Amino acid sequence: MNPMNPLKAVRGTRDLMPPETALWNRIEAVARSVFGRYNFGEIRTPIFEDTALFARGVGEETDIVSKEMYTWEDRARAQSEKTQSLTLRPENTAGVVRAYIEHKLGETGQLQKLFYIGPQFRRERPQKGRYRQFSQIGAEVIGPAHAGAESALRDAEVLEMLATLLDELGIEGWTLKLNSVGSAADRPVYLAKLKAALGPVVGGMCADCQRRAETNPLRVLDCKVPEDQPIIDGLPRIGDSLDAASREHFAAVRAALDAAGVGYTLDHRLVRGLDYYTRTTFEFTHGGLGAQNALLGGGRYDGLSEAIGGPKAPGIGFAMGEDRLVLTLAAQLEAQQAARAELADVYVAPVGERQNAAALALARELRRAGLRVELGDGAFRVKKSFEAADKAARAIVLLGEDEAASGMLTVKDFATAVQTKVPRAELANSLLAARAETK
Ligand code: ATP
Ligand code: MG
């Protein structure tokens, strides 16, 4: 080995180190706490599985299976063993459903509510928010139909839980996009219409769409190529091919979300990349992530268990990109810090108009010491002064009759929410010290 050429982490992988790992741990702690309150239990499946699990469970025609999997022939070590094809898991739903089948969880007659946190592997082009090893936090609700696994209430509960989780993580400004892709019975009806409509126009579309039109026409709706958009807008919509039961299911999901006050936007092109989805599909997106704007995706998969050789076991689940949660929260934190840097050092709030003149004198003193000062008005009620101060400054100092008489001023720092009494003579220095700390 050449000592001048130290080895590096493989392309698309990276080391997570302090202080960033603290944020990862916080995210996982919040997720565990929310999952606990919704009565989910944790499952940990192996990191590699039989390749056939993903080929059947995710679908041969998906990007994941057709080009992104880390697959190898695992040599037999003994006569009793066979050489077999293994794959690093590219997602976790197939593994969870395999475990459900293998451990006969359906025979408990109970709905299984399972969550997982762990690494996934896909050979993608690495870029911001897209890695070859990344971490997903996900959950599945799966069980026999008689346990209520098919109910629209389960879809709505999972979506409501996600809204709560993102809020508790402190992710601001997320959007829930919702669609229904219909049941296995609706699919051929729509696919026939879609293929017929694509026939005359597909020649003018991008190369990927021309291929998808042959192999997996639904994926044409996912296309992001600008020139293709007007053509896609003219294609039939999946929502118009749903049968009465699927329409009813989707209406029930929306009604429950409306009742719970969870906002969403309908997106009739949201078909998602995995083959196993039926009925409800969804994504939570965030504007701060650029091209990789999906924080999480999921949907209902009523036929997945049967597709990998199990009993009928309808289910619904999701996977969130933990790396993207970290990116979003870190960017938010940075924006908050930048906004704080723009604030005045202190807001001087006279309490009562009689203190206005004294407040001007105090503000002059502080400004001469080099502080950036916003001066309030004693005509404002104290509550209004606090609101104005919170927007304009990092701290507020109150100047009422008592303070004027005693020379002890009340200062509240908004970042720490700590309130202290400071002698007037020390005020400028203590504010200058607080400013130095935030820089
Ligand atoms: P995208 O459209 O971004 O490729 P996807 O449809 O492939 O997403 P899913 O397979 O549904 O994504 O995975 C769920 C979530 O996992 C995504 O919304 C994203 O947040 C995250 N994710 C997927 N692939 C990656 C990756 N290569 N690196 C980091 N996060 C990822
Ligand atoms: Mg992808």
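Residues numbered from 1 in each chain as written. Chains lettered and ligands numbered in written order. Predicted model: local features only at pLDDT ≥ 70, side-chain atom pairs only at ≥ 80, totals over all residues. Heavy atoms only, no water.

Visitor: What exactly am I supposed to notice about the overall build of the protein chain here?
Guide: A count of helical and extended segments in the protein chain gives 15 helices and 16 strands. Whereas a compact globule of 439 residues would reach a radius of gyration of roughly 22 Å, the protein chain reaches 29 Å, over 25% beyond that. Overall, the protein chain is about 90 × 65 × 50 Å in size when its C-alpha atoms are taken along their principal axes. When burial is assessed residue by residue, the protein chain has 46% of its 439 residues classed as buried. Considering only intrachain contacts with a sequence separation of at least 6, the fraction spanning at least 24 residues in the protein chain is 69%. When the accessible surface of the protein chain is summed, it comes to about 22000 Å², and 53% of that surface belongs to carbon and sulfur atoms. (Helix = DSSP H or I, 4+ residues; strand = E, 2+ residues; numbered from the N terminus. Rg over C-alpha atoms; globule rule 2.2 N^0.38 Å. Buried < 20%, exposed > 50% of the residue type's maximum accessible area, 1.4 Å probe, protein only. Contact = heavy atoms within 4.5 Å. Areas by Shrake-Rupley, 256 points an atom, 1.4 Å probe, with all protein chains shown as cover.)

Visitor: Would you take a moment to explain the packing of aromatic side chains for this structure?
Guide: The description of an aromatic ring pair rests on the distance of the ring centres and on the angle between the ring planes. The final tally for this structure, using the stated rule, is 6 aromatic pairs. Pairing Trp174 with Phe284 gives two aromatic rings, centres 5.3 Å apart and planes at 55°, and the pair type is tilted. Here Trp174 is found in strand E7 (residues 174–180), whereas its partner Phe284 is found in strand E9 (residues 278–286), with 110 residues between them in sequence. Like Phe284, Trp174 is buried. Arranged with centres 6.5 Å apart and planes meeting at 85°, the rings of Phe282 and Phe284 form a pair that is edge-to-face. Each member of the aromatic cluster is reached from another via a ring pair, and the members are Phe35, Phe40, Phe115 and Phe318. (Phe/Tyr/Trp six-rings, centres within 6.5 Å; stacked < 30°, edge-to-face > 60°.)

Visitor: Can you walk me through the side chain of Glu403 in this structure?
Guide: Among the secondary structure elements, Glu403 is positioned in helix H14 (residues 401–406). With sequence-adjacent residues up to four places away left out, Glu403 is seen in contact with Leu398, Met408, Leu409 and Thr410.

Visitor: Looking at this structure, how should I read the pattern of salt bridges?
Guide: Side-chain pairs of opposite charge can arise where the charged atoms are in close proximity. As enumerated under the stated definition, the model contains 21 salt bridges in all. Among the salt bridges present, the one from Arg130 reaches Glu124, with a minimum N-O distance of 2.9 Å. A relative accessible area of 22% places Arg130 in the partly exposed class. The exposure class assigned to Glu124 is buried, which follows from its relative accessible area of 13%. Among the ionic pairs, Arg435 bridges to Asp345, the shortest N-O distance being 2.9 Å. Highlighted residues: Arg435 in helix H15 (residues 424–438) and Asp345 in the loop between helix H11 (322–341) and strand E12 (346–350), separated in sequence by 90 residues. Residue classification places Arg435 among the partly exposed residues on the basis of a relative accessible area of 23%. A network of salt bridges, in which partner residues are shared, links Asp63, Lys67, Arg219 and Asp222. (Salt bridge = Lys/Arg side-chain N within 4 Å of Asp/Glu carboxyl O.)

Visitor: Looking at this structure, I do not really get the packing of helix H12 (residues 356–368) against H15. What am I missing?
Guide: The relative placement of two packed helices comes down to the angle between their axes together with the axis-to-axis distance. Direction vectors running N to C along H12 and H15 enclose 45°, while the axes themselves pass 10 Å from each other. On the basis of the axis angle, H12 is oblique to H15. The crossing of H12 and H15 is right-handed. Along the contact surface, H12 presents Ala361, Leu362, Glu365 and Leu366, while H15 presents Arg424, Leu427, Ala428 and Leu431. Here the contact of H12 with H15 is built from residues that sort into 6 nonpolar, no polar and 2 charged. (Axes fitted to C-alpha atoms, helices over the stretch in contact; angles between N-to-C directions. Parallel < 35°, antiparallel > 145°, perpendicular 65-115°, else oblique. Left-handed = near helix turned anticlockwise from the far one by under 90°. Nonpolar A, V, L, I, M, F, W, Y, C, P; charged D, E, K, R; others polar.)

Visitor: What is the right way to look at the sheet that holds E7 in this model?
Guide: Strands in a sheet are paired, the pairing made by backbone hydrogen bonds, and the direction either parallel or antiparallel. Read from one edge to the other, the open sheet built from 8 strands follows the order E1-E5-E6-E11-E10-E9-E7-E8, with strand pairing classed as mixed. Of all strands in the sheet, those with a lone pairing partner are strand E1 (41–42) and strand E8 (265–266), marking the two edges. Direction of pairing for strand E10 (residues 294–300) relative to strand E11 (residues 315–321): antiparallel, over a ladder of 5 bridges. Bridge pairing links Gly297 to Ala319 in E11. Packing of helix H9 (residues 244–260) onto the sheet brings it into contact with E7, E8, E9 and E10, and relative to E7 it is tilted by some 160°. (Pairing = 2+ DSSP bridges.)

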